[in-house]
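Observations on chain architecture
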Amino acid sequence: NNDRLVGTVREVMVEGPSKRNKNRWSGRDSGNRIVVWDVAANEECRMKNGALRIGTLVKVKITEAHPQILLGELV
């Protein structure tokens, strides 16, 4: 079912750094699916400015689907 979400933009509630890779952040979409994205240089700047905080909603474009998680990039 996750494969059909590739290419879509999901609204995700930020939970914080990924448990497995501190260079990634994760959150959950409205379907309670885990969504993970890389922390790029521009995202680090946004985090310092308070735009990307735990509990906020962000839009993530899904680029890969795996059985347990979705991978994406902030839009």
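Above this note sits the structure.
Anyway, here's the lowdown on the structure attached to this text. (Residues numbered from 1 in each chain as written. Predicted model: local features only at pLDDT ≥ 70, side-chain atom pairs only at ≥ 80, totals over all residues. Heavy atoms only, no water.)

1. As for the pattern of salt bridges
The following threshold applies: Here, a salt bridge means any side-chain nitrogen of Lys or Arg that lies within 4 Å of a carboxyl oxygen of Asp or Glu. Helix and strand assignments follow DSSP, with helices taken as H or I runs no shorter than four residues and strands as E runs no shorter than two, numbered in order from the N terminus. With a 1.4 Å probe rolled over the protein chains alone, any residue whose accessible area is under 20% of its type maximum counts as buried; one over 50% counts as exposed, and the rest are partly exposed.
The full count for this structure, using the stated rule, is four salt bridges. The closest approach of N and O atoms between D38 and R24, which form a salt bridge, is 2.9 Å. With D38 in strand β3 (residues 34-38) and R24 in strand β2 (residues 24-29), this residue pair connects regions lying 14 residues apart in the sequence. Residue classification places D38 among the partly exposed residues on the basis of a relative accessible area of 44%. Across the pair D29 and R33 runs a salt bridge whose closest N-O atoms are separated by 3.0 Å. Look at the salt bridges and you will find they share partners, linking R10, D29 and R33 into a network.

2. A closer look at the environment of N23
Short version of the rule: What makes two residues a contact is simply this: any of their non-hydrogen atoms within 4.5 Å.
Tracing the backbone shows N23 in the loop between β1 (9-17) and β2. Its relative accessible area of 58% is what places N23 among the exposed residues. Along the chain, N23 and D38 lie 15 residues apart, while their C-alpha atoms are 6.2 Å from each other. Other than its neighbours up to four places away in sequence, N23 contacts D38 and V39.

3. Description of the side chain of N2
We apply this condition: Polar contact is defined as a pair of N or O atoms within 3.5 Å, subject to the rule that within protein one atom must be able to donate a hydrogen and the other to accept it, and that residues adjacent in sequence are counted only when both atoms are side-chain atoms.
The topology assignment puts N2 in the segment before β1. Within polar-contact distance, the side chain of N2 engages the backbone oxygen of H66 at 2.8 Å. Here the side chain of N2 touches P67 through a polar contact of 3.4 Å, landing on its backbone oxygen. Not counting residues within four places of it along the chain, the set of residues in contact with N2 comprises R33, A65, H66, P67, I69 and L70.

4. A few points about the pairing of β3
Where we set the bar: DSSP-based pairing: two strands are paired if at least 2 bridges between them are found.
Taken together, the five bridges between β2 and β3 define a ladder with antiparallel strand orientation. Of the residues in β3, the one forming a bridge with W25 is W37. Linking β2 back to β3 in an antiparallel pair, the connection comprises four residues, with N32 at a positive phi of about 65°. In the sheet, β3 pairs with strand β5 (residues 69-74) via four bridges, with the strands oriented parallel. Its bridge partner being in β5, V35 is matched across the sheet by L70.

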